[in-house]
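# Structure at a glance
Listed here are the chains, written in short residue letters.
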Amino acid sequence: MPTELEELVGFIAHPNPQIRQIAAENLVPYSTAQPAIFKTDSLTPIKHLKFLIRDQPKIAEHALTILINLTSEPDILENVAADDRFLGIAIGLLTDPAEPNANLISMLLANLAKHDALLSLLTAKLPTPPAALSTSDLALNQLMDLFVKGAAGAYNPNADYDYLSYLFADMAKHPSIREFFITPQEYDGVVPLNKIKVFTEHKSDIRRRGVASAVKNVAFDVPSHPAFLDEDQVNLLPYLLLPIMGNEQYDEDDMMDMLPDLQLLPPDKQREPDANIVQTHVETLTLLTTTREGRDLMRRVKVYPVIRETHSRVEDEGVQEACERLVQVLCRDEEDEGQEKGGKVVGEVEDEDDEKIVEV
């Protein structure tokens, strides 16, 4: 005999929308406290919740919130992430410039990226969205254009799409997605990494954090490092160094050798306030020292003084250890190195904010 809570779960499929709304609203707290009540009848409640994201806005809001919380459960995560039809519906709603729950859908997709099934987005083709957004039928391109064009409510006044940065960060752990990020796309000729790098100093801490981790994971593709460092291609260094710099003064000789974007910064220049993001940027710089060319470039453009000041001014153990690892690489004698450095220097997205499931 079903419990009262299980009976309440059954009401989310009721034909009366008022009853569906009351049931969904009252079930939100139980999506974190008692997830088991949603696993009855071979996850039938999850099937109903997936259907409800197209319901009336308030019902859809509650259904999405419940799904976001429930995707911390491995069996539910797999069920939702492997449902290609559901993913197509969700992204279709996301590309609607009037969708009121777009941020919740972004959060759900970010959670689903914890499962490898979401790699299907790399090749999934969807109906072409509004022309103001994208001309590509590839799901991943549509999400990328949403993230870029939708920042701060520019595409949909109800959304900022910041949580898509977490989606990109998790997906970039996979070599096939890294290749996507460094390959010019046919529909616009732009390298996706160039689209997201500009957000390393964005006002949203969620966006900055996700982008920092995405860039770091893409940087594990060592053969692409020459393009990352080339001023005429990706030119990644300024977007990693500027966020970790404050208003400190540098020796004039050092300053003149620094990258042009880093010279003569204003006296009110603020350093990235989130120590985890600073650490991620420093670890990305360390990844870019994997090749001799990368190390020589960083020495030439005086990365060391920036890292020295970061180590001195950011009172965080993780940041200071990351700075020390990078300094050891930059200051070592290359003549004693018979081969490129080995071993694990930094790991893929290991900070807590990018590993945990988002809950609402």
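Before going into details, it helps to say that this report is about the structure given with it. Each residue is numbered by its place in its chain's sequence as written, counting from 1. For this predicted model, a pLDDT threshold of at least 70 governs which residues receive local features, and a threshold of 80 or more governs which side-chain atom pairs are given and counted, while totals over whole chains, interfaces and linings are taken from all residues. Hydrogens are left out, water is left out, and the side-chain values use all remaining heavy atoms of the structure.

## Things to note about helix α8 (residues 102-112)
Defined as follows: Exposure is judged per residue with a 1.4 Å probe applied to protein chains only, and the accessible area is read against the type maximum: over 50% gives exposed, under 20% gives buried, and values in between give partly exposed. What counts as a helix is a DSSP run of H or I of at least four residues, what counts as a strand is a run of E of at least two, and both are numbered from the N terminus. Only heavy atoms matter for contacts: two residues are in contact if any of them lie within 4.5 Å across the pair.
Across the eleven residues of α8, ten count as buried, placing the element largely inside the fold. The set of residues buried in α8 consists of A102, L104, I105, S106, M107, L108, L109, A110, N111 and L112. In this fold, the buried residues of α8 make contact with α5 (57-70), α6 (74-81), α7 (84-94), α9 (139-149) and α10 (164-171).

## Considerations on the state of the cysteines
The condition is simple: In this description, the term disulfide denotes a pair of cysteine sulfurs within 2.5 Å.
This model, assessed by the stated rule, comprises zero disulfides. Unpaired in terms of disulfides, C323 finds its nearest cysteine sulfur in C331, a separation of 12 Å. Classification of C331 by relative accessible area gives exposed; the value is 52%.

## Considerations on the environment of H14
We count it as follows: Contacts described as polar in this section are N or O atom pairs within 3.5 Å, which, within protein, must combine one atom able to donate a hydrogen with one able to accept it, while residues neighboring in sequence count only if both atoms come from side chains.
Turning to its location among the elements, H14 is positioned in the loop between α1 (4-10) and α2 (17-27). According to the relative accessible area criterion, H14 is partly exposed, its value standing at 25%. If we ignore the near neighbours within four places in the chain, the residues touching H14 are I19 and R20. At a separation of 2.9 Å, a polar atom in the side chain of H14 contacts the main-chain amide nitrogen of N16.

## A few points about the packing of helix α19 (residues 303-313) against helix α20 (residues 317-331)
Note the cut-off: In this analysis, axes come from line fits to C-alpha atoms, helices being fitted only over the stretch in contact, and the angle between any two N-to-C directions falls in the range 0 to 180 degrees. Roughly parallel refers to an angle under 35 degrees, roughly antiparallel to one over 145, roughly perpendicular to one between 65 and 115, and oblique to any angle outside these ranges. Crossings are assigned a handedness: left-handed for a near helix turned anticlockwise from the far helix by less than a right angle, right-handed for a clockwise turn.
Axis separation between α19 and α20 bottoms out at 9 Å; the angle between their running directions is 155°. Classed by the angle they form, the pair α19 and α20 counts as roughly antiparallel. Judged by the twist between their axes, the crossing of α19 over α20 is left-handed. Note on element contacts: α20 touches α19 through V319, Q320, C323, E324, L326, V327, L330 and C331, opposite V303, Y304, I307, T310 and H311.

## Some words on the nonpolar core
The criterion, for reference: Only buried Ala, Val, Leu, Ile, Met, Phe, Trp, Tyr and Cys residues count toward a nonpolar core, and they belong to the same one when joined by side-chain atoms within 4.5 Å.
Membership of the largest hydrophobic core comes to 108 residues, with the highest contact counts inside it found for L143, L164 and L237. The greatest single-element share of this core, amounting to eight residues, is contributed by α8. Here L143 is in contact with I91, L94, L109, L121, L164, L167 and F168, once residues within four sequence places are set aside.

## Notes on the pattern of salt bridges
Operational definition: Salt bridges are identified by distance alone: a Lys or Arg side-chain nitrogen within 4 Å of an Asp or Glu carboxyl oxygen.
A full pass over the atoms with the stated rule returns 26 salt bridges. The closest approach of N and O atoms between R209 and D205, which form a salt bridge, is 3.6 Å. Taken together, the residues R209 and D205, both in helix α13 (residues 205-218) and four residues apart, mark about one turn of the helix. A relative accessible area of 36% means that D205 is categorised as partly exposed. Salt-bridge contacts for R313 lead to E248; the nearest nitrogen and oxygen are separated by 3.9 Å. With a gap of 65 residues between them, R313 in helix α19 and E248 in the loop between α15 (237-241) and α16 (252-257) connect regions that are remote in the sequence. Given a relative accessible area of 44%, R313 falls into the partly exposed group. Judged by relative accessible area, E248 falls into the buried class, the value being 7%. In the salt-bridge network here, residues are joined through shared partners; they are E248, R271, R308, E309 and R313.

Any functional reading would require information beyond the geometric quantities listed.
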